[in-house]
Amino acid sequence: RADRFQEDIKKEMEELGYMGGVFPKTQILYRNYSIHKKPFPPSIIFYVLMEPKKEVHVLRVLREERDWKRILEYQQDYTYLE
């Protein structure tokens, strides 16, 4: 099951490279970038589009039933450098 999940999420993240702008924005900002959300049942992929660099940065993958608004607003430190 873990291998299948890994393959599935890799495919979903590849789609973000060319379809990232079509998924809805949340009302939450990260470093002045709007956080987008892409459904990945039973989870949601949260990411930002860094237009000047043409990059997509995945911030979190959370289960749908989690209080994702609270988590995204509370946790603002992520491991990649800007």
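Structure shown above.
Residues numbered from 1 in each chain as written. Predicted model: local features only at pLDDT ≥ 70, side-chain atom pairs only at ≥ 80, totals over all residues. Heavy atoms only, no water.

With the rule as written, the count across this model stands at four salt bridges. In this structure, the salt-bridge partner of E12 is K38, at a minimum N-O distance of 2.2 Å. Placement of E12 in helix 1 (residues 2–19) and of K38 in strand 2 (residues 33–40) is noted, with a sequence separation of 26 residues between them. Residue classification places K38 among the buried residues on the basis of a relative accessible area of 4%. Between E65 and R63 there is a salt bridge; the shortest N-O distance is 3.1 Å. With relative accessibility at 58%, the residue E65 sits in the exposed group. (Salt bridge = Lys/Arg side-chain N within 4 Å of Asp/Glu carboxyl O. Helix = DSSP H or I, 4+ residues; strand = E, 2+ residues; numbered from the N terminus. Buried < 20%, exposed > 50% of the residue type's maximum accessible area, 1.4 Å probe, protein only.)

Within a beta sheet, neighbouring strands are joined by backbone hydrogen bonds and run either parallel or antiparallel to one another. If you trace the four strands from one edge of the open sheet to the other, you get 1-2-3-4, paired in antiparallel fashion. Of all strands in the sheet, those bounded by a partner on one side alone are strand 1 (25–30) and strand 4 (55–63). The sheet shows a mean angle of 35 degrees between the axes of neighbouring strands, direction not considered. Where strand 2 meets strand 3 (residues 43–50), six bridges bridge the pair, whose relative direction is antiparallel. What sits directly across from K37, in strand 3, is F46. (Pairing = 2+ DSSP bridges. Axes fitted to C-alpha atoms, helices over the stretch in contact; angles between N-to-C directions.)

Pairing of strand 1 with strand 2 involves three bridges; the strand directions are antiparallel. Within strand 2, the residue paired with Y30 across the bridge is Y33. Taking the residues between adjacent antiparallel strands as the criterion, strand 1 and strand 2 are bridged by two residues, where R31 takes a positive phi near 50 degrees. The turn linking strand 2 back onto strand 3 is made up of two residues.

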